[in-house]
Amino acid sequence: MTTIPSSILLVISGLAATYVFLRFLLTFTQDAKEPPALETAIPFLSPMIGMRKKGKFYVDLRDKFNLPIYTLRIPLIRLYIINSTELIPIAQRQVRTLDFAPMKAKVAMNVMGASPDGRKILVRDQNGVEDFSYAIMFDKAIHPAVTPGPQLDAMNKLSVQKVSEALETLASQAPRPLRLFEWVKKEITFATTEAVYGPKNPFSDAKIQEAYWKFEPGIITLLLDLYPNLLARESVQARKDIVDAFNDYFVSRGHEQGSAFVQAHHRHKIDQGVTGKDVARFEIGGIIAILSNTTPAAFWVLYHAISDATALEECRREIIACCRVDGDICTLDITEVKASCPILLSILKESLRFHGIGTSVRVVTQDHGGMVMIPGPVQHSSKPAYGENVGEFQHKRFVRSPERKRPTPIAFRGFGGGSTLCPGRHFATTEVLTFVALMIVRFDFEPTKGEWICPKTDKAGMQGTIAPPNEDVKVQIAPATGELAGKKWNVVLSGSDKGIELSVEDIQ
Ligand code: HEM
């Protein structure tokens, strides 16, 4: 008979004792008033392992346990995860009990690399607002510049012009092959930053664009402060290059020729006492906000508009209906596109739903502390909210029609919601719609592989709210044939003081 060596027996009994202790700890430290704690295989540790699956982890837990809200216990912190769509507005209304400002301060300190003085500004109470007043006052400071009205129109007009110029250049090169994501990334980064930063835009230097895409993958390592100088060296160096370029920009007063948005952000920094190179460091947060989601969003909206023949035909038809032809000149007013192209807008929202990976996070400032999380993928895969075909990309899902059940608006988290609702949504949407509308009326597309194969997204990091594709899509583009072939394009934005419905907050 074989016997088990005593050392192995010792390890097994040690593990069993640890397991019993952890289970005991979980049960006896869980308050009856808290949402139920999930019975995970190894208390405290299993959730940490599961989180590697990112958004899918929370979707799997929703499907397995079917709870409206639950507690996940990981070492040192409680996470309260909201599944129920109805609970979202209730949680979002508790603006200071469930507060994003402390989290934003942490992001700002670590990711932007604030100096010791800058760190103090991020956490302090200024003018009696309360702690973290920098973050709390930020939204108010930039609000007029990004809300529908003349200031936003001015920034939108510049972005429309830059997108239109990029497509003019592309038209002069077509037919040609294109690596779609690489190209979209480059052109959208340029158009967006030109519109925001103006004629002295630091991103007009290709090296600074490259630096941003080197910086981005290290954001989470920087945020968690996981030895970034060792584990995210490339990112730290790239951040330094961006900060140097933006320091030159602010010192030479480049922002004074930029958008109302960059000016409002700059004024906020100065009013809060930010000085020296921190003015440039604090811009890093703004750069992440404007670039990280806009580029994958533009890619996916374009991809889904051109890779489905029916969607392409229907979308083209509604855009062509907005074109005014006068001799050789075809004029397209983007304000009309926004108002009269419901299929294109639906593809945009469906792309954000289908490829959305963002989670809204709030810090609990009372009782046991911890964090409340609203994972976007849980809402975006909800059958009660979207119906049985929730797993499919439906290009007309968001088009209002008597034949179709309207998706529950609260369950659309493409732009987040509540106090952290994306303030740049109207700007970003105008740019993406302009870009895709022009692409599909001006060009024809053939996948180089002979068929459209939708890239997977499971390699996406956690820094953005829309997953970029794992690999690029190669296409052959050619000038579009048809009634508008050979026309000269005049793209305008006549202006609007009304936004379009992009989140439930826009409806209320
Ligand atoms: C299609 C492109 C974009 C998408 C999908 C998007 C989405 C989002 C989401 C999901 C959030 C976080 C919401 C939350 O945590 O609940 C957010 C925050 C933010 N976005 Fe956007 N965004 C886009 C483009 C932009 C642009 C172009 C700007 C600037 C002009 C911008 C400015 C911001 C800012 C400043 C925040 C932080 C808000 C806060 O925490 O107070 N975004 N965005």
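Going along each chain's sequence as written, the residues are numbered from 1 onward. In keeping with the predicted nature of the model, local features appear solely for residues at pLDDT of at least 70, side-chain atom pairs appear and are counted solely at 80 or more, and the whole-chain, interface and lining totals rest on all residues. Heavy atoms from the whole structure form the basis of all side-chain values; hydrogens and water molecules are not counted.

(A) Local environment of the sheet that holds strand E7 (residues 359–364). In space, the 5 strands of this open sheet follow the order E1-E2-E8-E7-E3, with mixed pairing throughout. Whereas interior strands pair on both sides, the edge strands pair on one side only; in this sheet they are strand E1 (69–74) and strand E3 (98–99). As paired elements, E1 and strand E2 (residues 77–82) share 6 bridges and run antiparallel to each other. In the sheet register, Leu-72 faces E2, and the bridge partner there is Leu-79. Here the rule is simple: two strands pair whenever DSSP picks up at least two bridges between them. In this text, helices come from DSSP runs of H or I with a minimum length of four residues, and strands from runs of E with a minimum of two, each type numbered from the N-terminal end.

(B) Here's a closer look at a nonpolar patch on the surface. Judged by side-chain polarity, Tyr-19, Val-20, Ile-42, Leu-45, Met-48 and Ile-49 come together as a nonpolar surface patch covering roughly 530 Å² of accessible area. Put simply, the parts of the chain that give the nonpolar patch at least two residues each are helix H1 (6–29) and helix H2 (46–50). Tracing the chain through its elements places Met-48 in helix H2. Within the patch definition used here, like charges are joined within 9 Å and nonpolar side chains (Val, Leu, Ile, Met, Phe, Trp, Tyr) within 5 Å, considering only residues with over 30% relative accessible area and no salt bridge. Accessibility throughout is a Shrake-Rupley quantity obtained with a 1.4 Å probe, and a residue counts as covered only by protein chains that appear here. Salt bridges are defined as contacts in which a side-chain nitrogen from Lys or Arg sits within 4 Å of a carboxyl oxygen from Asp or Glu.

(C) Highlighting the coordination of the iron atom of the ligand. Atoms of type N, O and S within 2.8 Å of a metal are treated as its donors, and for Na, K and Ca the window is 3.2 Å; water is not considered, so some sites may appear to be missing partners. Only one protein atom coordinates the iron atom of the ligand: Cys-422 (SG), located 2.3 Å from the metal. Structurally, the position occupied by Cys-422 is in the loop between helix H22 (383–386) and helix H23 (425–442).

(D) Up close: the pairing of E1. Of all 6 residues making up E1, 5 are buried, and the element is well covered by its neighbours. Counting the residues that bridge the hairpin from E1 to E2 gives 2 residues, and of these Leu-76 lies at a positive phi of roughly 75°. Under the scheme applied here, a residue whose accessible area is under 20% of the maximum for its type counts as buried, over 50% as exposed, and between as partly exposed, the area being computed with a 1.4 Å probe on protein chains only.

(E) Here's a closer look at the nonpolar core. Definition of nonpolar core: a set of buried residues of the types Ala, Val, Leu, Ile, Met, Phe, Trp, Tyr and Cys, connected through side-chain atoms within 4.5 Å. Judged by nonpolar contacts, the single largest core of 69 residues is most densely connected at Phe-435 and Ile-440. The contact criterion used throughout is that any non-hydrogen atoms of two residues lie within 4.5 Å. The contact partners of Ile-440, leaving out residues within four places of it in the chain, are Leu-302, Ala-305, Ile-306, Leu-312, Cys-315, Arg-316, Ile-319 and Phe-445. Counting 48 residues, the second-largest nonpolar core is a separate cluster that includes Tyr-134, Phe-138, Tyr-197 and Phe-203.

(F) Expanded view of the UniProt feature "transmembrane region" (unreviewed entry) in the protein. UniProt positions are given in the numbering used here, feature names are shortened, and annotations may be inferred rather than shown by experiment. Per the UniProt record, "transmembrane region" (unreviewed entry) is annotated on residues 7–26. Structurally, residues 7–26 comprises 100% helix and 0% strand, and the distance from its first C-alpha atom to its last is 29 Å.

(G) Examining the packing of aromatic side chains more closely. We call Phe, Tyr and Trp rings a pair once their centres come within 6.5 Å, taking the six-membered ring for Trp, and we label the pair stacked below 30 degrees between planes, edge-to-face above 60, and tilted otherwise. This structure, assessed with the given rule, holds 21 aromatic pairs. Residues Phe-299 and Tyr-303 carry aromatic rings whose centres are separated by 6.1 Å and whose planes lie at 25° to one another, so their mutual orientation is stacked. Of this pair, Phe-299 and Tyr-303 both sit in helix H17 (residues 294–306), separated by 4 residues, roughly a single helical turn. The pair Phe-299 / Tyr-303 is uniform in exposure class, with both members buried. Between Phe-398 and Phe-412, the ring centres sit 5.5 Å apart and the planes meet at 70°, which makes this aromatic pair edge-to-face. Pair noted here: Phe-398 is in the loop between H22 and H23 and Phe-412 is in the loop between H22 and H23, with a separation of 14 residues, a long-range link. Pair check on accessibility: Phe-398 and Phe-412 agree, each one buried. Taken together, the ring pairs connect Tyr-197, Phe-203, Tyr-212, Trp-213, Phe-215, Phe-246, Tyr-249 and Phe-250 into an aromatic cluster. Lysine and arginine charges are scored as sitting over a ring when NZ or CZ, respectively, is within 6 Å of the ring centre and within 35 degrees of the ring normal. The ring of Phe-412 is capped by Lys-349, whose NZ or CZ atom sits 5.9 Å from the centre of that ring.

(H) Geometry of the environment of Glu-283. By the secondary structure assignment, Glu-283 is in helix H16 (residues 283–291). Considered as a pair, Glu-283 and His-266 are 17 residues apart in the sequence and their alpha carbons are 8.4 Å apart. Polar contacts, as used here, are pairs of N or O atoms within 3.5 Å; protein pairs need one atom able to donate a hydrogen and one able to accept it. Residues neighboring in sequence count only if both atoms are side-chain atoms. Polar contacts involving the side chain of Glu-283 include one to the side chain of Lys-269, which spans 2.6 Å.

(I) Quick peek at the packing of helix H14 (residues 260–271) against H16. H16 packs onto H14 with a crossing angle of 150° between their chain directions and a minimal axis gap of 11 Å. Judged by the angle between their axes, H14 and H16 are roughly antiparallel. Seen from above, H14 lies across H16 with right-handed handedness. Here H14 contributes Phe-261, Val-262, His-265 and Lys-269 to the contact with H16, which in turn contributes Glu-283, Gly-286 and Ile-290. Here the residues of the contact of H14 with H16 sort into 3 nonpolar, 2 polar and 2 charged. With axes taken as lines fitted to C-alpha atoms, and helix axes fitted only over the stretch in contact, angles between N-to-C directions fall between 0 and 180 degrees. Comment on the angle field: the value is read as roughly parallel under 35 degrees, roughly antiparallel over 145, roughly perpendicular from 65 to 115, and oblique elsewhere. The sense of a crossing depends on the near helix, which, turned anticlockwise from the far helix by less than a right angle, makes the crossing left-handed and, turned clockwise, makes it right-handed. Residues are grouped as follows: Ala, Val, Leu, Ile, Met, Phe, Trp, Tyr, Cys and Pro are nonpolar; Asp, Glu, Lys and Arg are charged; every other residue, Gly included, is polar.

(J) Layout of the site of the ligand. Here, proximity means that at least one heavy atom of the residue falls within 4 Å of the molecule or strand. Lining the immediate environment of the ligand, one finds 23 residues, of which Lys-104, Asp-139, Ser-360, Thr-420 and Cys-422 sit closest. Within the side chain of Lys-104, an N or O atom sits 2.8 Å from an oxygen atom of the ligand. A distance of 3.3 Å separates a nitrogen atom of the ligand from a polar atom in the backbone of Ala-289. Of all the secondary-structure elements, those providing two or more residues to the shell around the ligand are helix H7 (133–146), H16, H17 and H23. Split into classes, the residues belonging to the shell around the ligand amount to 12 nonpolar, 9 polar and 2 charged.

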